[in-house]
Amino acid sequence: MGIVDVVSTLTEVPTLLKLKKGLTPQPSDTKDSLVLKLQQNVGAYGTRDAVIYENNKTSWNELNQKANQYARVLENAGIGKGDVVSMMVENRPEFLVAVIAIMKLGAIAALINTNLRENPLRHCVTVTESKACLFGMEVVDAINEVRDNLDIAAQNALYVIPESKEDSLPDWANNIDLAASNQDVTDLPQTAEITIGSTALYIFTSGTTGLPKAAVMSHNRLLASASLSHIAGLKCSEQDRVYLALPLYHGTGLCVGAGSAISSGAAMYLRRKFSASQFLQEVRDNNITCMAYVGELCRYLYNTPEQPDDANTPLRSLMGNGMRPDIWSGFKKRFGIKRIAEFYSASEGNAAFANVLDKEGTIGLTSNEVALVQYDVLEDEIVRAEDGRCTRVSDGDAGLCIAKISEKARFEGYTDAEATEKKILRNVFEDGDAWFNTGDLLRVVEVGFNLGYPHYQFVDRVGDTFRWRSENVSTNEVGEIINSYSQIEFCNVYGVQIPGTDGRAGMVSINLKENETSLDLNAFADYVNRELPPFSRPVFVRVQSQIEVTGTFKMVKKDLVQENYDLSLFDDPVFVMKPRTSEYVPLDQSYLDEIKAGQSGF
């Protein structure tokens, strides 16, 4: 333990004290919200930039006024406290306007992944019992495909957000910009009445089974996430600019990126999609000081050709999740980053970890009561002793992370009560206790001087979900769709590692129907591309003559995961969808060697 480590850790004490004061639990009927913070920004920084997007700038005053106009359109349509409004908009200023407008009414914004189509999209709107839907012109075709099966369509409650004045808008949706143009721009009185215990957002998660589930996020958790990101993560102020290219329908993009900006008054440099080749020049040209990230975004940057001036930028502070420990130090040094505040949490969870002491390679510490318990990865089950209790792992060993549920650490769960109950473990260490199952393996790591707080490191996901392209992929959901393909009897979906990438790529082992002799690769690829979003499409397809099942007809995955796509371990044919292609081709030894060497382009 060096003197530099001790000094650098002690310098964080004032931040921790400030954060602790800001996150002190308050009664659920306390009146406060992130949108109220935004209105306070108008008074303090009204003419300063709030959003910078494609060379256009929006001030805090302008952002707030347009949100008030959107809110009044929805209010006139009968939307009020506790009502749900679905949103499907790509990263552009109107996303922020819309979500702020919905929350100003005390209503709930259901944030839909813009990659979803057909049944998953229809499900997201209906499962939340949405009374209206706001969508961007960029996804008009997706909404058009499902609108006849939505109750809200019959109620004239579809609102389209144009991208330009030249857009040819659908005649079956209301133009919200036109409707808002003559509305009052002043703040709505009900915004001041929002309580922290009420629901602010539904953020969809694939979960472990079935279709996307709507995770509940209260105003309290949204405020806490924004405060944590602003005060102890990015350490930003109104003088900063936050680079934001992550999807705003995700918690990291909205709560960390936009949340920290609203909480602090910092400006958001908003990008539709991330571009590694343009990133550094944008940072320099726009004086970007902070960034919200996911690990894959950082990997893209790290894999770009190195330039001698890579560290010559104003960028100093990053906050996000998924930064790989093996590139952490090199990434900081190459790009001149002073602070990486890695965090870990789940949209529906009751515990969060944050690397607020700037300890390299960890997800940091938590103020919640958590435990790491023994988990059998191959059997995909928690290890219980003879008395049914769980057993904590030793420090340094990987264990399933569970978080105790209490009044101070409520599990807000999903809109689906049954799905909520499935995430709760009961009688874990004693009769009557209840713990949230994160579904992730963590370990305690040594980080030197830590002020008495153990630090944790993310190890892997367990169960029926894997993460690919910064998205959670449900193996059951993908499997149900693939099983519907005409040639397939049944299939087994799982995640496999690809050297040099984050997360796990999808792989499916399929069993053809008795009368089928070979898989029609072109037709199957067309089906996969049509029915599944890009991040859920299996990268590898293995055709087996027989799929192994247990005595209770549960498909066995452990051998398949271990064998992955290694052609030397089995005789079955394997097909691969290579990067930036949409077809499956046979996997040969030459390309397998490229994959193993990390040179396959994934």
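Here we summarise the structure given alongside this text. Sequence order sets the numbering: in each chain, residues are counted from 1 along the sequence as written. This being a predicted model, a pLDDT of at least 70 is required before a residue's local features are given, and a value of 80 or more before pairs of side-chain atoms are given or counted; all residues contribute to the totals for chains, interfaces and linings. The basis for every side-chain value is the complete set of non-hydrogen atoms in the structure, without hydrogens or water.

Observations concerning the overall build of the protein
Defined as follows: Helix and strand labels come from DSSP, where a helix needs a run of H or I of at least four residues and a strand needs a run of E of at least two; each type is numbered from the N terminus. Our radius of gyration looks at C-alpha atoms and nothing else; its globule reference is 2.2 Å times the residue count to the power 0.38. Only protein chains enter the area calculation, which uses a 1.4 Å probe; residues under 20% of their type maximum are buried, those over 50% are exposed, and those in between are partly exposed. Whether two residues are in contact is decided by their heavy atoms: any pair within 4.5 Å suffices. The method behind every accessible area is Shrake-Rupley, applied with a 1.4 Å probe, and residues are considered shielded solely by the protein chains displayed.
Along the backbone of the protein there are 19 helices and 29 strands. The C-alpha radius of gyration computed for the protein amounts to 24 Å, which stays within 12% of the reference 25 Å derived for 602 residues, consistent with globular compactness. If you line up the protein on its principal axes, its C-alpha atoms span 70 × 65 × 60 Å. A total of 602 residues make up the protein; the buried ones form 56% of that total. Residue pairs in contact within the protein that sit at least 24 positions apart in sequence constitute 70% of those at least 6 positions apart. Total accessible area computed for the protein in this model is approximately 25900 Å², and 46% of it derives from carbon and sulfur atoms.

So, the sheet that holds strand β28 (residues 574–576)
Operational definition: In this description, strands pair whenever DSSP reports at least two bridges between them.
Taken together, 5 strands build an open sheet; the order of strands is β25-β26-β27-β28-β29 and the sheet is mixed. Across the chains shown, the open sheet's two edge strands, defined by having one partner strand only, are β25 (488–496) and β29 (585–586). Pairing geometry for strand β27 (residues 540–544) and β28, over 3 bridges, is antiparallel. Residue Arg542 lies in a different strand from β28, and its bridge partner there is Val574.

Side note on the environment of Thr313
Following the sequence through the fold, Thr313 ends up in the loop between α13 (295–302) and β13 (317–321). Not counting chain neighbours up to four residues away, the residues in contact with Thr313 comprise Leu280, Val283, Arg284 and Phe335.

Concerning the sheet that holds strand β6 (residues 158–161)
With mixed pairing, 7 strands are arranged side by side in an open sheet as β7-β6-β5-β3-β4-β8-β9. Unpaired on one side and paired on the other, β7 (174–175) and β9 (213–218) mark the two borders of the sheet. Here 2 bridges tie β6 to β7, and the two strands are oriented parallel to one another. Residue pairing in the sheet places Tyr159 in a bridge with Asn174 of β7.

Notes on the layout of surface pockets
To keep things clear, this is the line we draw: Put simply, the grid is 1 Å and covers the protein atoms alone, a cavity is a trapped set of points that fit a 1.4 Å probe, a pocket is an open set with protein on both sides within 12 Å along at least five of seven lines, and lining residues have an atom within 4 Å of a point. Grid points are joined across faces, edges and corners, and a volume is the space filled by probe spheres set on the points. Note on residue classes: Ala, Val, Leu, Ile, Met, Phe, Trp, Tyr, Cys and Pro are nonpolar, Asp, Glu, Lys and Arg are charged, and everything else, Gly too, is polar.
Roughly 580 Å³ of volume is contained in the second largest pocket. Residue lining of the second largest pocket: 23 residues in total, with Lys66, Glu94, Pro162, Glu163 and Asp177 positioned closest to the centre. For the lining of the second largest pocket, the leading source of residues is helix α4 (residues 60–76), giving 5 residues. The residue makeup of the lining of the second largest pocket, split by class, is 8 nonpolar, 5 polar and 10 charged.

Examining the packing of α13 against helix α14 (residues 325–335)
Filter applied, for reference: To get an axis, a line is fitted to the C-alpha atoms, and for a helix only the part in contact is used. The angle between two axes follows their N-to-C directions and goes from 0 to 180 degrees. Oblique is the label for any angle not under 35 degrees, not over 145, and not in the 65 to 115 range, which are roughly parallel, roughly antiparallel and roughly perpendicular in turn. It is the rotation of the near helix from the far one that decides the hand of a crossing: anticlockwise by less than a right angle makes it left-handed, clockwise makes it right-handed.
Between α13 and α14, the least distance of the axes is 11 Å, while the angle of their chain directions is 60°. As summarised for this structure, α13 and α14 are arranged oblique, according to the angle between their axes. The handedness of the crossing between α13 and α14 is left-handed. Contacts from Cys298, Arg299, Leu301 and Tyr302 of α13 reach α14 at Ile327, Gly330, Phe331, Arg334 and Phe335. Taken together, the residues of the contact of α13 with α14 break down into 6 nonpolar, 1 polar and 2 charged.

Things to note about empty space enclosed by the protein
Tallied over the full model, the rule gives 2 cavities of 30 Å³ or more. Contributing to the lining of the largest cavity are Leu34, Leu96, Val99, Ile100, Met103, Leu222, Leu254, Ala258, Gly259 and Ile262. Every element with two or more residues in the lining of the largest cavity is listed here: α5 (93–104) and α11 (251–264). Grouping the amino acids of the lining of the largest cavity by side-chain chemistry returns 9 nonpolar, 1 polar and no charged. Empty space within the second largest cavity amounts to approximately 40 Å³. Taken together, Tyr344, Ser345, Ala346, Gly349, Asn350, Ala351, Phe353, Cys401, Phe436 and Thr438 make up the lining of the second largest cavity. Looking at the lining of the second largest cavity, the elements with two or more residues in it are β14 (339–345) and β21 (434–445). Split into classes, the residues belonging to the lining of the second largest cavity amount to 6 nonpolar, 4 polar and no charged.

Side note on the nonpolar core
The following threshold applies: What we call a nonpolar core is a set of buried Ala, Val, Leu, Ile, Met, Phe, Trp, Tyr and Cys residues that are connected through their side-chain atoms within 4.5 Å.
Formed by 128 residues in total, the largest nonpolar core has its most connected members in Met87, Leu111, Phe135 and Leu201. No other element matches the 9 residues that α5 contributes to this core. Apart from residues lying up to four places away in sequence, Met87 is in contact with Phe95, Ala98, Val99, Ile102, Ala109, Ala110, Leu111, Ile112 and Leu134. One finds Phe535, Val576, Tyr591 and Phe602 within the second-largest nonpolar core, a separate group that totals 43 residues.

Brief notes about unusual backbone geometry
A positive phi angle, near 70°, is found at Asn55, a position not held by glycine. Along the chain, Asn55 turns up in the loop between β1 (49–53) and β2 (56–59). Since its relative accessible area comes to 80%, Asn55 is described here as exposed. Unlike most non-glycine residues, Asn564 shows phi in positive territory, near 40°. Among the structural elements, Asn564 can be located in the loop between α18 (558–563) and β28.

With respect to the packing of helix α10 (residues 219–233) against α11
Closest axis-to-axis distance for the α10/α11 pair is 7 Å, and the angle between their directions is 80°. In this view, α10 runs roughly perpendicular relative to α11, as classed from their interaxial angle. Only Cys255, Val256, Gly259, Ser260, Ser263 and Ser264 of α11 make contact with α10, whose side of the interface consists of Leu222, Ser225, Ala226, Ser227, Ser229 and His230. Within the contact of α10 with α11, the residues separate by chemical class into 4 nonpolar, 8 polar and no charged.

Here's the deal with the side chain of Glu348
Just so we agree on the cut-off: Polar contact is defined as a pair of N or O atoms within 3.5 Å, subject to the rule that within protein one atom must be able to donate a hydrogen and the other to accept it, and that residues adjacent in sequence are counted only when both atoms are side-chain atoms.
On the secondary structure map, Glu348 appears in the loop between β14 and β15 (352–354). Engagement of the side chain of Glu348 in a polar contact is seen with the side chain of Tyr414, the distance being 2.7 Å. Apart from residues lying up to four places away in sequence, Glu348 is in contact with Thr205, Ala215, Arg221, Phe411, Glu412, Gly413, Tyr414, Lys423 and Phe436.

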